[in-house]
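Read off the chains here:
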Amino acid sequence: MAIIEKRVPDSVAVTTGPPARTTVRHGDPVTKAERREGRAGYLLIAPTTVLLFVFYLYPLALTVYYSFTDWNPATGDTKNLVGLANYADLFHDSEFLTATGNTALYVIIVVPCTIGLGVFFAALLATPFRGRGVYRALIFVPHIAPIVGSALIFSYLLSPLGGLINSALSAVGAPPIGFLNTQPWALITVMVFSIWEGVGFSMIIYSAALANIPDSYHEAAKLDGAGPIRRFFSISLPLVGPTTGFLAITGVIGALQVFTQVYVLTRGGPLRSTETVLYYIYQQGFVFFHGGSASAAAVILLTVGIVVSVLQLRVLAKRDTVELV
Amino acid sequence: MKPPPSKSRQLFTRRAGIAVAIASAAALALSACSGGSVTGNAADTKDRTTVVVWAGTSGSTDPLRKQLVEDFNASQSKYTVDIQVQPTSLTAQARLINAIKNKQGPNFVLDDGQPQSLGQVISTGAVVPLDKYLGASDSTLKKSNFTDGMLGTGTFHGKVYSLPTQGGDYALIYNKAMFKAAGITKPPATWAELQKDAAKLTIGTQQYGMYLPIGPGGTAPYYWQSMLWSAGGEFMNADNTKVEFNSPEGVRALTAWTDMVKAGTAYPASLQTPSDNGSTGAMTSKKAAMAINGAYNLGILDKALGADNVGVAPLPKIDKPAMNLGSNNSYILKGTPAQEDGAWAFLQYWLTPKVQAKWDIATGLLPTNIETAKNATWKSFLAKNPRIKVFADELAYANSRPSIDAYGAISDALSAELEKAMLLKQSPEEALKNAETAATAALK
Amino acid sequence: MTHATAIANTPARPIKRRRRPRSFRVRARAFAPVIARHGLLIVGVIFFFGPFLWMLLTSFKSSSEALSFPPTFLPAEWRFDSYAQVFTVAPFGLYYLNSGIVTILATLGQIVTSLAAGYAFSRMHFRGRTVIFVILLAALLVPFEVVFTPLVSLLSQLGWLNSYQGLIIPNVPSILGAFLFRQFFVSFPSEIEDASRIDGAGVWRRLWSIMTPMAAPMIGSFAILSFVYNWNNFFFQFLVVTQSRYYTVQVGLAQLQAENNSSDFSLLMAGSTLAIIPVFIVFLIFQKQIVSAMSGGLR
């Protein structure tokens, strides 16, 4: 995972010569000064690391353990180790496989759209003008609303019984669309909802990153005759590469865990076409109390997430747009 | 180059300070105007034992429930019931189990909406079996106060763990104006008649004769079980070890539904989202002339369609009348003997005919204690509300769903296959066969 | 070409200039970007904010009109009792206080620990830096719905169920925040910091006087996001707290929903609106922070 390269710290290159080791792990201290400071580094990461280990990684380890048992969350007994039986059952369960397919499709579409719209609106709002704050606030609102409430509104607006959208459609003579109860509209609608909810997050992060681009870059380009669109693609977008990398990784991770909106909007229907892996896990864990299966599915989700994140990190590091590790 | 960002830092900290100040001031102001008694947690007073009761919100009847609880507290001096409204959520039962295991649970759960899933809670060992209370000579509640169906909703492994405190069933609701327009003079009594009436009531895709519970969730199995029983079929065998709905009777029961979808007389898609609200939405939007629904939705239907326009008839039979029970049950959790006795005292109070009459008149649900049928208030209410009487009369022959741990999984499997069949993606025979396979796997 | 030479090279007087006013087409083209921008933004606002406008209007409708088909846009009769009802059905004032305490403290905790960790992961060198970072990244992949049972047991053993610390402390670590700040510092030129290091400033001094002010835009952004996350963290709050004394606004909102959601839609809409308002206010306060750049002061 580490990118191994030869590194010579700038401040000591000439006077003390290169360090004894020719290959250095990127994060390791090299000079004495760095080593001294490194200790402070441990202190700085301590709160985050310790708390995360205690409250997330320890329960995660337990979950991995449970995935090899027939754990019942209600009674709590984990007497029987069943080895890989839970995993094998999952691969034979058509419901799980459907959920996996749905989740994959969902991730592939939702993440790029959310990021793309996020940078788009952030760029539109990058230069100051009157009313900018208002626009920004209004576009951000979906992200701050409780998902259950938003999903209920969506559900009502899209109702086939004459919700606002369908009323408008019938006003122009078009047949009503069952946005949440027909295939493939149901999955599309869930995706649109998630994009709608997530753009605000991307936009805010990109706004900070775009604000960091020194004005002089834009000025120079303007003098060279570049229009706003050209400047966006040649200057802004490349320079926010690290941000894009960050949003891509966290976006995928978040999308893999979509649940609440599926439950409120479609309950996984119609015909399980919107059921996601986490929804499946919820069913197994909370409705049927098959803790072992739920844990196994969670471990699979986790593994996929790790693999995808690592791949993303590799791709981004190679393209040199981001120094991530 | 020394960066001088002190200005922005100042601005930042000042802004942060303002934010915190506003937030604290607002919060304090709001907590002051929160009005009424905060549902804090009453400590035990010297002589009275506190009985902590968990209940979900009952909407507009919450104040009445509070009042009834206060009446109970005032009527005796041994126990104080502290009712704590719990948030509705998908994981309510898991939360309850977690609370119990971590010693933060209640003494009594009122009106649990998923009584057939109680098996999981029971397996934690925390639910108190009620047989000894029901058999005690000084208790006002006996097993004879309940029909077999009612008792069945709370019986697990031969013991009574919960008692139904809110009864619900369903019936055929129909739009009288649409009936008149189609020239139908009385509601159908058999399912064959219903199919004929539905054909008369269907106007292209603008209005459908019937709304059937197509879609995910527990509603379809809940409604369909009555069809199965009405056709003479059984859901499970006597000792709940095998499912028996994959039978000729089962196929007849499901075909009765799928034929209507095929003929275009039943609304062909799902309306099971919370905002569409299934059967209720189908009728309030005038998309369907008939639907299956419970008594508690009559209020909404009346407001939308006009009370004179909403008719209620017993669920039409295939061969014989049948009905399913949707009860909310209450149960006692282990605690000190005083707390358990207090919970039992409250449960008895809640099930007295007087209280049941008051509560059910307000909520539109049905009494579970047979004695309530003799209560004068309730009888006069029924006389004035013949529509509710239809629901109440059905209770006499209503069955309960099987009380087993695997019921959730079985219902879910059946629901998925029923949905597929009703969306005409598979035949009724295939649907029941697939459901049987999945259910059998779940029972292992 | 410097500015000075550019001026020097410009002729004193434009050579050929048409005296007649610019045509409409030319003027329109000059305004086109502005119109296009506003147009796109307005479409965006309708799409993103439209449903909330509807939520707001619905909260003023009677509960039967709220779910009527066909839907009405403006209320037929304006009813304000839903808002009052929110406070009588449940002690929402107390819930706001709880939410405020929990959210503000958790957010502050997240900002401080994430800033420190982000700085350390990006600018400091210590053994195992990479490995630890990747392991923490894995924690992001943990869906809460899966691990909450052992987590709640742990909290119970600590005696932290039904307490403020149980609501706050597990939410203080934010690997997302650490990742965010790390990215931010990584893409930052290091001259300023190197300069002050040569000047003799130690780690803490550098962190406090230089890195934190420089990170102001990111702090502002993260403050908003962290506040939103902690304010809306329903599932966690729902599980950790079973006594209404500690309920937060989100848990209270769930209390407003009966088994069939239709029973009081306008009440739920009123409650949701009230739940959004504090977060919205926080956003308005901090949004300028996002774009205060390091060079040139506030934009």
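In this text the structure is predicted, and so the values were computed from the model without any measurement. (Residues numbered from 1 in each chain as written. Chains lettered and ligands numbered in written order. Predicted model: local features only at pLDDT ≥ 70, side-chain atom pairs only at ≥ 80, totals over all residues. Heavy atoms only, no water.)

The next subject is the sheet that holds strand E2 (residues 79-86) of chain B. Residue and element names in this part refer to chain B. An order of E2-E1-E3-E12-E6 is seen for the five strands of this open sheet, with the pairing classed as mixed. Across the chains shown, the open sheet's two edge strands, defined by having one partner strand only, are E2 and strand E6 (163-166). Averaged over all neighbouring strand pairs, the angle between strand axes comes to 25 degrees, with direction disregarded. Here strand E1 (residues 49-56) runs beside E2; their pairing, made up of eight bridges, is parallel. Counterpart to Thr-49 in the pairing with E2 is Tyr-79. Contacts between helix H13 (residues 337-350) and the sheet are confined to E1, E2, strand E3 (108-112), E6 and strand E12 (328-332), with E1 contributing the most and set at about 55 degrees to the helix. (Pairing = 2+ DSSP bridges. Helix = DSSP H or I, 4+ residues; strand = E, 2+ residues; numbered from the N terminus. Axes fitted to C-alpha atoms, helices over the stretch in contact; angles between N-to-C directions. Contact = heavy atoms within 4.5 Å.)

What follows is about the pattern of salt bridges. Taken as a whole, this structure holds eleven salt bridges over all chains when the rule is applied. For Arg-272 of chain A, the salt bridge goes to Glu-275 of chain A, with nearest N and O atoms at 3.4 Å. Arg-272 of chain A sits in the partly exposed class, given a relative accessible area of 22%. With relative accessibility at 4%, the residue Glu-275 of chain A sits in the buried group. Among the ionic pairs, Arg-252 of chain B bridges to Asp-319 of chain B, the shortest N-O distance being 3.1 Å. Remark: Asp-319 of chain B occurs in the loop between strand E10 (310-313) and strand E11 (323-324) and Arg-252 of chain B occurs in helix H10 (residues 248-263); sequence separation between them is 67 residues. Residue classification places Arg-252 of chain B among the partly exposed residues on the basis of a relative accessible area of 41%. Through salt bridges with shared partners, one network takes in Glu-95, Arg-272 and Glu-275 of chain A together with Asp-412 of chain B. (Salt bridge = Lys/Arg side-chain N within 4 Å of Asp/Glu carboxyl O. Buried < 20%, exposed > 50% of the residue type's maximum accessible area, 1.4 Å probe, protein only.)

Once that is clear, we can look at the domain arrangement of chain B. All names here are of chain B. Looking at chain B, the domain boundaries give domain 1 (9-168 + 325-399) and domain 2 (171-324 + 406-443). Distance between the C-alpha centres of domain 1 and domain 2: 30 Å. The partner domain 2 presents 21 residues to the 15 residues of domain 1 that form the contact. A combined buried area of about 1500 Å² lies between domain 1 and domain 2, and 64% of that area is made up of carbon and sulfur atoms. Seen at the junction of domain 1 and domain 2, the total is one salt bridge. Across the pair Asp-302 and Arg-387 runs a salt bridge, and its minimum N-O distance is 2.7 Å. Looking at which element gives the most residues to the side of domain 1 that touches domain 2, the answer is helix H16 (residues 386-394), with five residues. (Domains from an automatic or database assignment. Buried area = accessible area lost by both parts, 1.4 Å probe.)

What follows concerns helix H8 (residues 185-211) of chain A. Residue and element names in this part refer to chain A. In this model H8 runs 38 Å from its N-terminal to its C-terminal C-alpha over 27 residues, within 8% of the 39 Å that 1.5 Å per residue would give. By the largest-angle criterion, Gly-198 marks the main kink of H8, which is about 35 degrees. For H8, a buried count of 24 out of 27 residues is recorded, marking the element as mostly surrounded by other parts of the structure. (Expected span 1.5 Å × (residues − 1). Bend = angle between axes of the 7 residues up to and from the residue.)

Attention now moves to the interface of chain C and chain A. Contacts between the two partners involve 106 residues from chain C, matched on the other side by 102 residues from chain A. Summed over both sides, the interface of chain C with chain A buries roughly 9500 Å², with 77% coming from carbon and sulfur. Where chain C touches chain A, the interface holds zero salt bridges. Where chain C meets chain A, there are eight residue pairs in polar contact (both at pLDDT 80 or more). (Polar contact = N/O pair within 3.5 Å; in protein donor to acceptor, adjacent residues only side chain to side chain.)

If you look at the biggest cluster of nonpolar residues, it comprises 189 residues, and the most contacted ones within it are Phe-140 of chain A together with Phe-92 of chain C. Looking at this core, the element that brings in the most residues is H8 of chain A, giving 14 residues. Discounting chain neighbours no more than four positions away, the residues touching Phe-140 of chain A are Gly-200, Phe-201, Met-203 and Ile-204 of chain A together with Ile-224, Leu-225, Val-228 and Phe-283 of chain C. Counting 113 residues, the second-largest nonpolar core is a separate cluster that includes Met-260, Tyr-349, Trp-378 and Ala-406 of chain B. (Core = buried A, V, L, I, M, F, W, Y, C linked by side-chain atoms within 4.5 Å.)

Turning next to the side chain of Ser-226 of chain B. Inspection of the secondary structure assignment puts Ser-226 of chain B in helix H9 (residues 219-230). Sequence-distant contacts of Ser-226 of chain B, that is, excluding residues within four places in its chain, are made with Tyr-170, Leu-315, Ala-322, Met-323 and Asn-324 of chain B.

A few words on the packing of helix H13 (residues 277-287) of chain A against helix H14 (residues 291-318) of chain A. Residues and elements named next belong to chain A. H14 packs onto H13 with a crossing angle of 160 degrees between their chain directions and a minimal axis gap of 8 Å. Overall, the two elements H13 and H14 adopt an arrangement that is roughly antiparallel. With respect to the hand of their crossing, H13 and H14 are arranged in left-handed fashion. Contact residues: H13 offers Val-277, Tyr-280, Ile-281, Gln-284 and Gly-285, while H14 offers Ser-293, Ala-294, Ala-297, Ala-298 and Leu-301. By residue class, the composition of the contact of H13 with H14 is seven nonpolar, three polar and no charged. (Parallel < 35°, antiparallel > 145°, perpendicular 65-115°, else oblique. Left-handed = near helix turned anticlockwise from the far one by under 90°. Nonpolar A, V, L, I, M, F, W, Y, C, P; charged D, E, K, R; others polar.)

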